[in-house]
Amino acid sequence: MAIRVLPDVLISQIAAGEVVERPAAALKEILENSLDAGAADIQIELEQGGVKRIRVSDNGAGIQRDELLLALTRHATSKIASLADLEQVASLGFRGEALASIAAIARVQLTSRSAEADHAWRVQAEGGHLDAPVPAARATGTTIDIQDLFFNTPARRKFLKTEATEYAHCAETVRRLALANPGTAFTLSHNGRVQLRLNAESAATRVRQVLGEAFEHNTIAVDAAAGSLRVSGWVIRPGAATASREGQHVFVNGRYVRDKLIVHALKEAYRDVLHHQLNPAYCLFISVPPDGVDVNVHPAKTEIRFRDSRGVHQFLFHAVERLLSAPVEAGATAAPETSAAMPQARPYGAPQQTSMPLAVNEAMAFYAPLASPAAAPRMPAAAAYDAPPLGYALAQLHGIYVLAQNAQGLVLVDMHAAHERVVYEKLKAALDARAVPAQALLIPVTLTVDARDAAEISPYLDRLRDIGFDLSITSPTSVAVRAVPWLLKDADPVELTRAVLHEVAEFGVARLLAERRNELLATLACHGAVRANRRLSVPEMNALLREMEATERAGQCNHGRPTWFQISLQELDARFMRGR
Ligand SMILES: Nc1ncnc2c1ncn2[C@@H]1O[C@H](COP(=O)(O)OP(=O)(O)OP(=O)(O)O)[C@@H](O)[C@H]1O
Ligand SMILES: [Mg+2]
């Protein structure tokens, strides 16, 4: 076949393959145009999941008569004019092809009126063929009516899912754009029924409306800046995370993006407080200078490339990690959005109570009244009882829980989980400081091991000594343990060594001491932490409470479970119906 230039419509149809893979993608392009036009109110009507019809009306700037046909023409845009513009682009669109692509695969009617015009004008397009503008009636703004998407591209139509699925994708698109544009009102209807109505709101209110009250209550507010980078939004409390990846919403300069680098930075930030099978949920608004990010990576414009990707990764990681690692004493101001009244208002003993533990910051809200004189009169008992945040130990319950009294009421601590976290953080700190004191065993113990394990560790005995293990190979299948890390001196040295060898067999020493280091320390901490049924004296329990207060991330154990729980006097009073 001879080489020939493709007809324009076919070029647009090919482009549409990338830009408009399903109704939701067409809807995204249309909504972004409305937002770029400065619309304060956007009405969306869908039929049959958007396949039959997508009709969007906005009250934005509108399009002049002479430009209506251009708007539907490929490579025509009002948003950039040069490469310099492209590198600084702040609008959501810039490729000048979305409408042309949609017009090539659907029947499109575009009606628009600019502020200066006496009336509106309308153009029709079908399968790439454009009609001349005719007069029409509407207020300033634009209405685009897309019918029979993919009517002339049956191959693409075949890939469409059920109406419900296509609608769900459309609704998700609206929700995302609504999150990033709280100042714009949105109304979404499907098959004639209104599904979503959002007024112009503050960012916090919009997030609550779109993501729900549960999201609001289970998250911590983030707001951090470094140089020209800024992040604000909400991240989930570790205790409320689930396995789902659905709740991850990231916006860069107002654009919804899917970015592996960001997902990775967040996952890393949660590494120490979340079980690896759980995923953090978040809604983050990141701003970077326009020239620090390339949005021209893929026609769908949901992928981006950061100029300084390392810097962005580090920034996000630290911003969130710092927030999550606030020790019990600090962080009183870390959760401005969650009111102190919230946990008290929940009836203790309600089923969701057990699965919605008090996280550190939430509990800190309880302590805030102590520091604020204005609030003091409301809590005379609290002011009178001067105790550290986690209070003083009263007793041990069933060898599992420590009960303590603080100003607010009763504190319950999962002794093993809390101690495990304390030991883990101490091990990490000691290793970071390259000072892991070892405890020599009075009598070295010998254990029989797999010959391969012995061979694997033999070149690394020095490095194992750095983490406090003094081992020697006494025969091809036996290892003598002479010292263990001092922090783990109460654990069974054989069990500890076996745990190390087990990890060695799985990952090799080199990986174990580098990227798997924290997992190893977590395993060791579990061995080193007090076991259930160990009787603790009151001074021992108090020592644990004081250590928790001084430990980062003490609110969760290494697996992300909560380590302690507050029950306020008000909650107890309510249970006993006192003062009614
Ligand atoms: N709702 C609207 N209000 C005002 N102008 C609009 C609207 N929709 C489209 N336009 C005009 O039509 C032009 C073409 O829109 P189109 O979506 O095809 O391209 P774009 O937004 O410039 O770039 P991209 O292909 O990246 O979306 C826009 O540049 C804009 O000038
Ligand atoms: Mg556009």
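The structure under discussion appears in the preceding block.
Residues numbered from 1 in each chain as written. Chains lettered and ligands numbered in written order. Predicted model: local features only at pLDDT ≥ 70, side-chain atom pairs only at ≥ 80, totals over all residues. Heavy atoms only, no water.

Caption draft 1: Representation of the pairing of strand β3 (residues 107–113) within the structure. Where β3 lies against strand β4 (residues 120–126), 6 bridges are found, and the strand directions are antiparallel. Bridged to S112 within β4 is W121. Pairing between β3 and strand β7 (residues 141–147): 7 bridges, direction antiparallel. Looking across to β7, one finds that Q109 is bridged to D145. (Pairing = 2+ DSSP bridges. Helix = DSSP H or I, 4+ residues; strand = E, 2+ residues; numbered from the N terminus.)

Caption draft 2: Broad picture of unusual backbone geometry. Phi is positive for H75, close to 60°, though the residue is something other than glycine. Positionally, H75 belongs in the loop between α3 (65–71) and α4 (83–87). You will see that K301, though not glycine, has its phi angle at about 60°, which is positive. Tracing the chain through its elements places K301 in the loop between β15 (293–294) and β16 (305–306). Residue K301 is classed as buried on the basis of its relative accessible area of 4%. (Buried < 20%, exposed > 50% of the residue type's maximum accessible area, 1.4 Å probe, protein only.)

Caption draft 3: Just the pattern of salt bridges, in detail. Considering all chains together, one arrives at 36 salt bridges under this definition. With a shortest N-O distance of 3.5 Å, K28 and E29 are connected by a salt bridge. With relative accessibility at 13%, the residue K28 sits in the buried group. Given a relative accessible area of 2%, E29 falls into the buried group. (Salt bridge = Lys/Arg side-chain N within 4 Å of Asp/Glu carboxyl O.)

Caption draft 4: Molecular detail of the site of ligand 1. Taken together, the neighbourhood of ligand 1 is formed by 21 residues, with T77, S78, K79, R95 and K301 sitting nearest. E29 has a polar side-chain atom sitting 3.4 Å from an oxygen atom of ligand 1. A distance of 2.5 Å separates an oxygen atom of ligand 1 from a polar side-chain atom of T77. When ligand 1 is considered free in solution it has 590 Å² of accessible area, and contact with the protein chains removes 93% of it. Only α2 (23–36) and α5 (98–104) provide two or more residues apiece to the shell around ligand 1. Among the elements that take part in the shell around ligand 1, α2 stands out by supplying 3 residues, more than any other. Class assignment for the residues of the shell around ligand 1 results in 7 nonpolar, 8 polar and 6 charged. (Near = heavy atom within 4 Å. Polar contact = N/O pair within 3.5 Å; in protein donor to acceptor, adjacent residues only side chain to side chain. Areas by Shrake-Rupley, 256 points an atom, 1.4 Å probe, with all protein chains shown as cover. Nonpolar A, V, L, I, M, F, W, Y, C, P; charged D, E, K, R; others polar.)

Caption draft 5: Structural detail: the sheet that holds strand β19 (residues 409–414). Spatially, the 4 strands line up as an open sheet ordered β17-β18-β19-β23, and their pairing is antiparallel. This sheet does not close on itself; its edge strands, each paired only once, are β17 (392–397) and β23 (564–568). Within the sheet, the average angular offset between the axes of one strand and its neighbour, ignoring direction, is 25°. In terms of strand pairing, strand β18 (residues 401–406) meets β19 through 6 bridges, oriented antiparallel. Residue pairing across strands places V402 opposite V413, the latter belonging to β19. Contacting β17, β18 and β19, helix α16 (residues 415–432) crosses the sheet at an angle of about 70° to β19. Lying on the sheet, helix α22 (residues 538–550) is in contact with β17, β18, β19 and β23; it crosses β17 at an angle near 115°. (Axes fitted to C-alpha atoms, helices over the stretch in contact; angles between N-to-C directions. Contact = heavy atoms within 4.5 Å.)

Caption draft 6: Seen up close, the sheet that holds strand β21 (residues 470–475). Strand order in the open sheet formed by 3 strands is β20-β22-β21, with antiparallel pairing between adjacent strands. Taken across any chain shown, the strands that pair with only one partner, and hence form the sheet edges, are β20 (438–448) and β21. Adjacent strand axes in the sheet meet at a mean angle of 15°, parallel and antiparallel pairs treated alike. Pairing analysis gives 7 bridges linking β20 to strand β22 (residues 478–485), with the strands arranged antiparallel. Bridging across to β22, Q439 finds its partner in V484. Seen against the sheet, helix α19 (residues 493–507) touches β20, β21 and β22 and runs at an angle of roughly 70° to β20.

Caption draft 7: The arrangement of the pairing of β7 in detail. Within β7, 6 of the 7 residues are buried, which leaves the element mostly enclosed by the surrounding structure. Inspection of the sheet shows strand β2 (residues 53–58) paired to β7 by 6 bridges, in the antiparallel sense. Its bridge partner being in β7, R55 is matched across the sheet by D145.

Caption draft 8: Examining the layout of surface pockets more closely. One number sums up the size of the largest pocket: a volume of about 1100 Å³. Every residue lining the largest pocket is counted, 34 residues in all, and those nearest its centre are H169, E172, R176, Y256 and R258. Counting only elements with at least two residues in the lining of the largest pocket, the list comes to α1 (8–19), α2, α7 (163–180), β12 (248–252) and α10 (260–270). In terms of residue count, the dominant contributor to the lining of the largest pocket is α7 (7 residues). By residue class, the composition of the lining of the largest pocket is 12 nonpolar, 7 polar and 15 charged. Approximately 780 Å³ is the volume found for the second largest pocket. Around the second largest pocket, the lining comprises 37 residues; the ones closest to its centre are N33, I63, A71, S78 and K79. Taken together, the elements giving at least two residues each to the lining of the second largest pocket come down to α2, β2, α3, α5 and β7. By residue number, the principal contributor to the lining of the second largest pocket is α2, which donates 6 residues. Residue classes in the lining of the second largest pocket are distributed as 16 nonpolar, 11 polar and 10 charged. (1 Å grid on protein atoms, 1.4 Å probe; cavity = no way out; pocket = protein on both sides within 12 Å on 5 of 7 lines; lining within 4 Å. Points joined across faces, edges and corners; volume = space filled by probe spheres on them.)

Caption draft 9: Looking closely at a nonpolar patch on the surface. On the surface, L6, L10 and I14 cluster together into a nonpolar patch covering about 240 Å² of accessible area. Along the polypeptide, I14 turns up in helix α1. (Patch = residues over 30% accessible without salt bridge, like charges linked within 9 Å, V, L, I, M, F, W, Y side chains within 5 Å.)

That's the geometry; what it means functionally is another story.
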